[in-house]
Each structure stands twice: as structure tokens, then as C-alpha cells.
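Residue strings, one per chain:
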Amino acid sequence: MPQRDFWIFTFLKGSGLYKRPTICQKRLLVNTDESVQVQPFEENGYLARIDFNPTVPHCSLASLIGLCLRGKIQKNVVERIKLDIVIAEGKHSTEEEINKQINDKERVAAALENPNLKEMFDSCIRDEE
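Throughout this document, residue positions are counted from 1 along each chain, in the order its sequence is written. Whole-chain, interface and lining totals are the exception, using all residues; otherwise, since this is a predicted model, local features are given only for residues with pLDDT of at least 70 and side-chain atom pairs are given and counted only at 80 or more. Calculated side-chain values reflect all of the structure's heavy atoms, with hydrogen atoms and water omitted.

(A) Main features of helix 2 (residues 62–76). Compared with the 21 Å implied by 1.5 Å per residue over 15 residues, the 21 Å span of helix 2 between its first and last C-alpha is a close match. Three labels apply to residues, based on accessible area from a 1.4 Å probe with only protein chains included: buried if under 20% of the type maximum, exposed if over 50%, partly exposed otherwise in between. Labels follow the DSSP assignment, with helices taken as runs of H or I lasting at least four residues and strands as runs of E lasting at least two, numbered in each case from the N terminus. The buried fraction of helix 2 is high, at twelve of 15 residues. Residues Ala 62, Ser 63, Leu 64, Ile 65, Gly 66, Leu 67, Cys 68, Leu 69, Arg 70, Gly 71, Lys 72 and Ile 73 constitute the buried set of helix 2. Multiplying one less than the number of residues by 1.5 Å gives the expected span of a helix.

This is the structure in C-alpha cells:
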């Protein structure tokens with residue numbers, strides 16, 4: 001596994017997302033090295049693709065999990081990075097719709113205007129002290 005892939009993989013494994021049982025369970029998110037792929041993108045940037053598994057195929061929190069993964073990485077990665085965060089193929093009943101939602105800047109911004117969602121999002125990406 002290339003170094004940047006490994007860094008994001010281990011960062012996500014060690015992040016507070018796994019310590020929030022109401023959001024997800026450790027064994028079900030970014031759970032294999034193949035879940036993270038990083039490659040050079042444009043000048044001095046990287047494209048990172050992250051595949052995650054929601055807790056069940058009809059998980060109502062799949063969008064929030066994707067948003068939290070995005071937020072946690074954007075908050076902690078200093079390099080220029082383009083994120084492509086997707087539900088692993090065949091792991092959710094509405095994966096295509098959710099993938100579009102969590103990778104569209106305007107939809108992400110609109111989702112975070114919801115005060116309840118924003119509070120849960122902030123709780124997920126807050127660094128553990």
C-alpha cells in the first residue's frame with residue numbers, strides 16, 4: 001500500500017468516528033487497505049477514493065457517515081486533495097443517490113445548513129482530546 005493511502009487508512013481507523021456507536025461500528029467502515037486509493041491529481045495535488053460500508057444495506061445514517069469521513073479528512077489533511085467518497089459497490093440500497101449527495105459541494109453545503117445534522121457532523125469530526 002503506497003504511503004499516502006496507508007496514512008489516510010490508518011488515520012480513519014484511528015479517528016473518533018469509530019468511537020461513536022450510534023454512527024457506525026468499527027468493523028463496517030473503511031475496513032481494508034483496498035478501501036483507500038490515493039493517486040497524483042493535477043499539479044501538486046492528490047485524488048483520494050475512499051470506499052466505505054454502511055452498517056446495513058438500508059442504513060439511514062449512510063449519508064452522515066460519508067459526510068463525516070469527508071469532514072474528518074478535509075480538516076486534517078494539509079495537502080491539496082480531491083476526495084471521492086463512495087459506498088462500496090452493492091453495500092447499500094440507495095448507494096448511487098448517496099454517492100452523488102456526499103460528493104457534490106452544493107449538496108454537502110445544503111446538508112450542513114440543517115442545525116441538527118450540523119451538530120451531529122461537528123460531533124463526529126471533533127478531535128478526541
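Structure shown, so let's carry the discussion forward.
(B) The arrangement of the pairing of strand 2 (residues 45–52) in detail. Burial analysis of strand 2 places seven of its eight residues in the buried class, the great majority of the element. Taken together, the six bridges between strand 1 (residues 36–41) and strand 2 define a ladder with antiparallel strand orientation. Note on strand 2: the bridge partner recorded for Gln 37 is Arg 49. Pairs of strands are assigned from DSSP output, requiring at least two bridges between the strands. Joining the antiparallel neighbours strand 1 and strand 2 is a turn of three residues, in which Glu 42 adopts a positive phi near 50°.

(C) Up close: the nonpolar core. The nonpolar core is taken to be a set of buried Ala, Val, Leu, Ile, Met, Phe, Trp, Tyr and Cys residues, with the residues joined through side-chain atoms within 4.5 Å. Residues Ile 50, Phe 52, Leu 67, Leu 83, Ile 85 and Ile 102 are the most contacted members of the largest nonpolar core, which totals 25 residues. Elements that contribute at least two residues to this core include exactly strand 1, strand 2, helix 2, strand 3 (80–87), helix 3 (95–102), helix 4 (105–111) and helix 5 (115–125). For Leu 83, the residues in contact, after removing those within four places along its chain, are Ala 48, Ile 50, Arg 70, Ile 73, Gln 74 and Asn 103. Contact between two residues is taken to exist if any of their heavy atoms lie within 4.5 Å; hydrogens are not considered.

(D) Local environment of the layout of surface pockets. Estimates place the volume of the largest pocket at around 240 Å³. As for the largest pocket, its lining consists of 13 residues, of which Arg 70, Gln 74, Leu 83, Asn 103 and Lys 105 are closest to the centre. Put simply, the parts of the chain that give the lining of the largest pocket at least two residues each are helix 2, strand 3 and helix 4. At four residues, the largest contribution of residues to the lining of the largest pocket is made by strand 3. Of the two site types, the cavity is a set of points on a 1 Å grid over the protein atoms alone where a 1.4 Å probe fits but cannot get out, and the pocket is an open set with protein on both sides within 12 Å along at least five of seven lines, each lined by residues with an atom within 4 Å of a point. Grid points are joined across faces, edges and corners, and a volume is the space filled by probe spheres set on the points.

(E) Examining the sheet that holds strand 3 more closely. Pairing in this open sheet of three strands is mixed, and the strands run 1-2-3 from one edge to the other. Only two strands of the sheet have a single partner each, and these edge strands are strand 1 and strand 3. Between one strand axis and the next, the sheet turns by 20° as a mean value, whatever way the strands run. Examined bridge by bridge, strand 2 and strand 3 share eight bridges and lie parallel to one another. Among the inter-strand pairings, Leu 47 is bridged to a residue of strand 3, identified as Lys 82. Structural elements are reduced to axes, namely lines fitted to C-alpha atoms, with helices fitted over the stretch in contact, and the angle between N-to-C directions of any two is expressed from 0 to 180 degrees.

No statement about biological role is implied by the geometric values presented.
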